[in-house]
Amino acid sequence: MNPYLAIVLVALLGGWLLRLAVDYLNLRRLSPLLPEEFAGVYDAERYRKSQEYLRETTRLGGLRETAADLLLAAFLLLGGFPAADGIARSLGRGPVSSGLIFAAILALLFEAAHLPFRAYRVFRIEEKFGFNRMTAKTFILDLVKGALLAAIIGGIMFSAVIAIFGRLGPAAWLICWAALALFQIFVAFIAPAAILPLFNKFTPLPEGELRTAIEDFARSRRFRMKGIFTMDASRRSAKSNAFFAGFGAFKKIVLFDTLLKKFGLPEIVAVLAHEMGHFRRRHVLLLTAWGLAAQGLLLFLLSRLISDERLFAAFRLENASVYAGIILSGFILSPLLWTFGVLERAVSRRFEREADRDGADTPFGTEAFVAALKTLAADNLTHLTPHPLKVVLEYSHPPVLERIRLLRSQASQSF
Ligand SMILES: [Zn+2]
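What you see is a predicted model, and the numbers here were worked out from it, not measured in a lab. (Residues numbered from 1 in each chain as written. Predicted model: local features only at pLDDT ≥ 70, side-chain atom pairs only at ≥ 80, totals over all residues. Heavy atoms only, no water.)

Draft legend 1. Representation of the overall build of the protein within the structure. What the protein contains, in helices and strands, is 15 helices and 4 strands. Relative to the globule expectation of 22 Å for 415 residues, the C-alpha radius of gyration of the protein, 24 Å, shows essentially globular dimensions. Counting only C-alpha atoms, the protein reaches 70 × 45 × 45 Å along its principal axes. Of all 415 residues assigned to the protein, the portion counted as buried reaches 43%. (Helix = DSSP H or I, 4+ residues; strand = E, 2+ residues; numbered from the N terminus. Rg over C-alpha atoms; globule rule 2.2 N^0.38 Å. Buried < 20%, exposed > 50% of the residue type's maximum accessible area, 1.4 Å probe, protein only.)

Right, dumping it as structure tokens:
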């Protein structure tokens, strides 16, 4: 058997089984008993609701992944790839345009398969549990804007990669790597000004007690930033959050309007202190560097794979091409990509625990941050007792009860 076909099939089947098993274990850990820590945060009814929400979203996710995996398996085994390549070759006038058509066919097909599940999630599940604020119009507009953005950015990047690999051969991965790094820095700079406003409206936080408190705190931590904004997140979802956009001295603090409604001043400052902790401790920089290193390795491997004829044979393509080689390598490298993700999330959980120390270190003390964590968890109907395997494989943050326990033990040690 073709070794690449074996890798794809094993990854597909293995990934599917692993995901179903982990989700099954995770749902079994749902307990009707509310953890003591959350007494007073949830009432019995809301806690029951949160469990039902998890059950429904998990089931839908399982169905969605099963459908996507089946589609890919059928496409692979029934000759979908050579058919798509045939269309791309007959319509395209060169490697770049053929490549764009080939990629567009695959992207449209797999996006279309995900679409009904996304709509069901937003308009049935999120709606039922009171999260959804999206109208059909916002949903469709988001979809169109997202698709256009992906087509433009993805199209430019993919064309460039095809051209570079077509001309430069084995050294192309290094050029692509450098270009990718520059591109990411560019996007990080322009996203707050040019991309995010396509989806949301940003308003400066008005003068007042909250603004003064945030500015005072930022100054006390020597934290440089360029303004505090609120974002109309409530147009889409009732869930709350806060984040920083941009970097360096150009960082903007963005608060979801939903956060402002549900959180008091001490909790908001504590949440921001946690976020500032990520910057102060260089977490953002370290994760970016890790991402770049992983991308470099993947690009290097890709450059070796695309000159291997067996890769094309595995997908039943008669003609080798740079564009198909790039996309097909993606399927071969996906287990490695997944492994990198698991490692990255382990690092991220560690960073979260570190930043939590900063969240507790405000004039309002540990309990303000704990209160914020609880409200966020209850608000987003978080699984309070997830299965450890689920945490290891998928969580970028430690489970909320673990974070609270750690914060409390740190607080008691410092006295
Ligand atoms: Zn964090």
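Draft legend 2. Expanded view of the coordination of the zinc ion. Within the protein, His274 (NE2), His278 (NE2), Glu352 (OE) and Glu352 (OE) serve as the donor atoms for the zinc ion, at 2.0 to 2.7 Å. For the zinc ion, the 4 donor atoms in the first shell make angles of 53 to 139° at the metal, so the coordination geometry reads as irregular. Taken in sequence order, the residues that donate to the zinc ion follow the motif H-x3-H-x73-E. Of the two residues, His278 is situated in helix 9 (residues 265-280) and Glu352 in helix 12 (residues 322-360); the sequence distance between them amounts to 74 residues. (Donors = N, O, S within 2.8 Å, 3.2 Å for Na, K, Ca; no water. Tetrahedral: all angles 85-135°; square planar, octahedral: opposite > 155°, others 65-115°.)

Draft legend 3. How the structure looks around the sheet that holds strand 2 (residues 228-231). Pairing within the open sheet is mixed, and its 4 strands lie in the order 1-2-4-3. Edge positions in the open sheet fall to strand 1 (202-204) and strand 3 (242-245), since each of these has one partner strand only. Across the sheet, the mean angle separating the axes of adjacent strands is 35° when strand polarity is ignored. Bridging between strand 2 and strand 4 (residues 252-256) involves 4 bridges; their strand directions are parallel. (Pairing = 2+ DSSP bridges. Axes fitted to C-alpha atoms, helices over the stretch in contact; angles between N-to-C directions.)

Draft legend 4. Spotlight on the pattern of salt bridges. Tallied over the full model, the rule gives 25 salt bridges. Between Glu45 and Arg48 there is a salt bridge, with the nearest N and O atoms lying 2.9 Å from each other. Of this pair, Glu45 and Arg48 both sit in helix 2 (residues 44-77), separated by 3 residues, roughly a single helical turn. Here Asp85 and Arg89 are joined by a salt bridge, their closest N and O atoms 3.0 Å apart. Of this pair, Asp85 and Arg89 are both found in helix 3 (residues 80-91), 4 residues apart, which corresponds to roughly one turn of the helix. (Salt bridge = Lys/Arg side-chain N within 4 Å of Asp/Glu carboxyl O.)

Draft legend 5. A look at unusual backbone geometry. A positive phi is found at Arg222, a non-glycine position, where the angle reads about 50°. Mapped onto the elements of the fold, Arg222 is located in the loop between helix 7 (209-220) and strand 2. Here Arg222 falls in the exposed class, since its relative accessible area comes to 78%. The phi torsion at Arg316 lies on the positive side, around 60°, for a residue other than glycine. Inspection of the secondary structure puts Arg316 in the loop between helix 11 (309-314) and helix 12.

Draft legend 6. Here's a closer look at the side chain of His383. With respect to the element layout, His383 can be found in the loop between helix 13 (365-379) and helix 14 (388-394). For His383, the side chain forms a polar contact with the main-chain oxygen of Asn26, separated by 3.0 Å. Looking at His383, its side chain comes within polar contact range of the main-chain nitrogen of Thr385, at 3.2 Å. Each residue touching His383, except ones within four places of it in the same chain, is listed here: Asn26, Arg29, Leu30, Leu54 and Tyr395. (Polar contact = N/O pair within 3.5 Å; in protein donor to acceptor, adjacent residues only side chain to side chain. Contact = heavy atoms within 4.5 Å.)

Draft legend 7. Region of interest: helix 4 (residues 95-128). Taking 1.5 Å of rise per residue, the 34 residues of helix 4 would be expected to cover 50 Å, and the 48 Å separating its terminal C-alpha atoms lies within 8% of that figure. The largest bend in helix 4 comes to about 35°, at Arg121. For helix 4, the complete set of buried residues consists of Ser98, Gly99, Phe102, Leu106, Phe110, Phe117, Val122, Ile125 and Glu126. Taken from the residues just after helix 4, Gly130 is the one with a positive phi, measuring 80°. (Expected span 1.5 Å × (residues − 1). Bend = angle between axes of the 7 residues up to and from the residue.)

Draft legend 8. How the structure looks around the side chain of Ser159. Among the secondary structure elements, Ser159 is positioned in helix 5 (residues 136-168). Not counting residues up to four positions away in its chain, the partners in contact with Ser159 are Val96 and Leu100.

Draft legend 9. Focus on helix 5. With 33 residues, helix 5 extends 47 Å from end C-alpha to end C-alpha; this agrees with the ideal 48 Å at 1.5 Å per step. Taken together, the buried positions of helix 5 are occupied by Thr138, Phe139, Asp142, Gly155, Phe158, Ser159, Ile162, Ile164 and Phe165. On its buried side, helix 5 packs onto helix 4, helix 6 (172-199), helix 10 (283-305) and helix 12. Positive backbone phi, at 65°, marks Gly169, one or two positions downstream of helix 5.

Draft legend 10. Up close: the environment of Asn380. Mapped onto the fold, Asn380 is located in the loop between helix 13 and helix 14. Between the C-alpha atom of Asn380 and that of Ser50, which follows or precedes it by 330 residues, the distance is 8.4 Å.

Draft legend 11. View of the nonpolar core. Core analysis: the largest hydrophobic core is formed by 41 residues, its most contacted members being Phe81, Phe102, Phe315 and Leu328. A total of 8 residues in this core trace back to one element, the largest contributor, which is helix 12. Excluding residues within four positions of it along the chain, Leu328 makes contact with Phe81, Leu311, Phe312, Phe315 and Leu317. Counting residues in hydrophobic clusters, the runner-up holds 26 residues, among them Ile214, Ala233, Ile253 and Ala372. (Core = buried A, V, L, I, M, F, W, Y, C linked by side-chain atoms within 4.5 Å.)

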